Amino acid sequence: MNEDIDAINQEIGSVWFRVYPSQYGKGCSAKTRIPCGQIVHSCRPLSSTIYAPYRKEVCFACFNYEGGKSLKHRLGKKQFVYFCSESCLNSFQSQQGQEQYVQFLLDLEAHYVKSLKKYQEREFSADKNASDESRVEWERIEQWEKKVDQMKPSERLRSLPDIGETEYNEIKYVYGVLHQLAYGNSKEMHLLKYLQSNDDDKISKYPELLYVYNSIYKYIKLSTHGKLPSIVTTDYIRFIIGVSLCNSFGIWLESDVNDVDKELFGFSLCPSASFFNHSCSPNVKKKRIGSEFVYTAVEDIEPDSDLYISYGNFGDEDLKTRQSILSEWFFHCGCTKCAKETQS
Ligand SMILES: C[S@@+](CC[C@H](N)C(=O)[O-])C[C@H]1O[C@@H](n2cnc3c(N)ncnc32)[C@H](O)[C@@H]1O
């Protein structure tokens, strides 16, 4: 753990906070006195996804939203990968290895639109045990993938599983991470391996997602064949999906209007910000400015005090509502506000 912590701190290189072994696993504490209003961290996502219904309206590069209007700049002719400006489109296309990324996105769009008519959610039978079924299904997939190398390209294309909205959203995020691992060299990429992954917890709670995850894996395995071979393994894809479940942050419409009515456009993963634990009365506020996430102290923070953000998009929800929202991150909130409200 300590070696990991040293490596994480070296990678983040913050003058304001350090990552340390806290009561909730890793956490962040102030290195020095932090005045209210001080920006303590900022980062750009390693990978993100814009949810299918918003894909024409939210810029894939900077998350700009123009009040629900379809954006003018796009990849390809018919497909739905949209940008708010020529410069966002160009900057996206000019990154390293981007031709492959662009082609992947366009193929994914085309396949999603085609699948929609046929897609059927696979139900999880109530008499099965989620963790047994998970083990059996992933073993089956490992047997299946031995045949992928022998398939002709046309057969691989025909074997792509139908995908629904959940698969589509996740595949975009997972491929974004894989692409960074293949072509990037960012701080965010180096920090990925230190994050918690929760795919077992999620499957126990929502067992039908097992089939969704299997389809995601099959889609990525088939469509990246010969391009990203060594990193497309079941363990690794499960890790990437599992990481997003407890570390990704929503891409919310940022406005000064009532927080509760905000729209959720998608999610993104910034590993360097994933070591902030949650409090229902946080001392650091997260704000998105374009595709940058900025973390600012909202009170004076003394040296060695913990830094907490709020994971939820909370207004003035009561204890029960907050706890139920936070259970989606698979933890029972132990913050001082919750402890106080539980006692009273
Ligand atoms: C984004 S990670 C934060 C970093 C994490 N502590 C680690 O060790 O990598 C979120 C996880 O931290 C833990 N956590 C964060 N805030 C918490 C809180 N207020 N109460 C209990 N657990 C918390 C939970 O396990 C949660 O799933």
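Located above this text is the structure these notes cover.
Cut-off values and rules
- Residues numbered from 1 in each chain as written.
- Predicted model: local features only at pLDDT ≥ 70, side-chain atom pairs only at ≥ 80, totals over all residues.
- Heavy atoms only, no water.
- Pairing = 2+ DSSP bridges.
- Helix = DSSP H or I, 4+ residues; strand = E, 2+ residues; numbered from the N terminus.
- Axes fitted to C-alpha atoms, helices over the stretch in contact; angles between N-to-C directions.
- Near = heavy atom within 4 Å.
- Polar contact = N/O pair within 3.5 Å; in protein donor to acceptor, adjacent residues only side chain to side chain.
- Areas by Shrake-Rupley, 256 points an atom, 1.4 Å probe, with all protein chains shown as cover.
- Nonpolar A, V, L, I, M, F, W, Y, C, P; charged D, E, K, R; others polar.
- Domains from an automatic or database assignment.
- Salt bridge = Lys/Arg side-chain N within 4 Å of Asp/Glu carboxyl O.
- Buried < 20%, exposed > 50% of the residue type's maximum accessible area, 1.4 Å probe, protein only.
- Phe/Tyr/Trp six-rings, centres within 6.5 Å; stacked < 30°, edge-to-face > 60°.
- Lys NZ or Arg CZ within 6 Å of the ring centre and 35° of its normal.
- Expected span 1.5 Å × (residues − 1).
- Arc of directions from axis to C-beta.
- Contact = heavy atoms within 4.5 Å.

Q: Whenever I open this one, the sheet that holds strand 3 (residues 39–43) confuses me. Can you help?
A: Within a beta sheet, neighbouring strands are joined by backbone hydrogen bonds and run either parallel or antiparallel to one another. Pairing in this open sheet of three strands is antiparallel, and the strands run 3-11-10 from one edge to the other. Because the sheet does not close on itself, it has two edges, and the strands there are strand 3 and strand 10 (284–289). Averaged over all pairs of adjacent strands, the angle between their axes in this sheet comes to 20°, without regard to strand direction. Pairing of strand 10 with strand 11 (residues 292–297), which is carried by six bridges, proceeds in the antiparallel orientation. Across the sheet, residue lysine 285 finds its bridge partner in strand 11, namely threonine 296.

Q: Sorry if this is basic, but what is going on with the site of the ligand here?
A: In the neighbourhood of the ligand, 17 residues make up the surrounding shell, with Tyr24, Lys26, Asn277, His278 and Gly334 lying closest. Within the backbone of histidine 278, one N or O atom sits 2.8 Å away from a nitrogen atom of the ligand. Contacts to the ligand include tryptophan 329, whose backbone N or O atom sits 3.2 Å from an oxygen atom. In isolation the ligand has 560 Å² of accessible area, and contact with the protein removes 93% of it. Of all the secondary-structure elements, those providing two or more residues to the shell around the ligand are strand 2 (25–30), helix 10 (234–247) and strand 9 (277–278). Its residues placed into classes, the shell around the ligand shows eight nonpolar, eight polar and one charged. Residue contributions to the shell around the ligand reach at least three from each of two domains, namely domain 1 (2–44 + 271–343) and domain 2 (47–247).

Q: Quick question: what am I supposed to make of the pattern of salt bridges here?
A: Pairing between side chains of opposite charge can happen when their charged atoms approach one another. Considering all chains together, one arrives at 15 salt bridges under this definition. Of the charged contacts, one joins aspartate 304 and arginine 18 as a salt bridge, the two residues approaching to 3.3 Å between their closest N and O atoms. Note that aspartate 304 is positioned in the loop between strand 11 and strand 12 (306–309) and arginine 18 in strand 1 (residues 17–22), a separation of 286 residues in sequence. Overall, arginine 18 belongs to the partly exposed group, its relative accessible area being 27%. One salt bridge in this structure joins lysine 202 and glutamate 328, with 3.9 Å as the shortest N-O distance. Note that lysine 202 is positioned in helix 8 (residues 199–205) and glutamate 328 in the loop between helix 11 (319–326) and helix 12 (336–343), a separation of 126 residues in sequence. Judged by relative accessible area, which is 13%, lysine 202 ranks as buried.

Q: Looking at this model, I keep getting lost on the packing of aromatic side chains. Mind explaining?
A: What characterises a pair of aromatic rings is the spacing of the ring centres plus the angle enclosed by the ring planes. Applying the stated rule across the entire model yields 20 aromatic pairs. Centre to centre, the rings of phenylalanine 83 and phenylalanine 92 are 5.2 Å apart; their planes meet at 40°, and the pair counts as tilted. Comparing phenylalanine 83 with phenylalanine 92 shows no difference in burial state: the two are buried. Joined through ring pairs, the aromatic side chains of Phe60, Phe83, Phe92, Tyr101, Phe104, Tyr175 and Tyr219 make up one cluster. Between the NZ or CZ atom of arginine 55 and the centre of the ring of tyrosine 168, over which it lies, the distance is 5.4 Å.

Q: Which parts of the structure should I look at to understand the environment of glycine 13?
A: With respect to the helices, strands and loops of the structure, glycine 13 is situated in the loop between helix 1 (2–12) and strand 1. The class of glycine 13 is exposed, set by a relative accessible area of 54%.

Q: Please clarify how helix 4 (residues 130–145) should be interpreted in this entry.
A: Because each turn of an α-helix spans 3.6 residues, side chains separated by three or four positions end up pointing in the same direction. Under the 1.5 Å per step criterion, the end-to-end length of helix 4 is 22 Å for 16 residues, consistent within 8% with the ideal 22 Å. Here helix 4 has its buried residues at Ala130, Glu133, Ser134, Glu137, Trp138, Ile141, Trp144 and Glu145. Along the long axis of helix 4, the arc covered by the buried residues comes to 125°, so they all point the same way. Among the structural elements, helix 8, helix 9 (209–223) and helix 10 are those in contact with the buried residues of helix 4.

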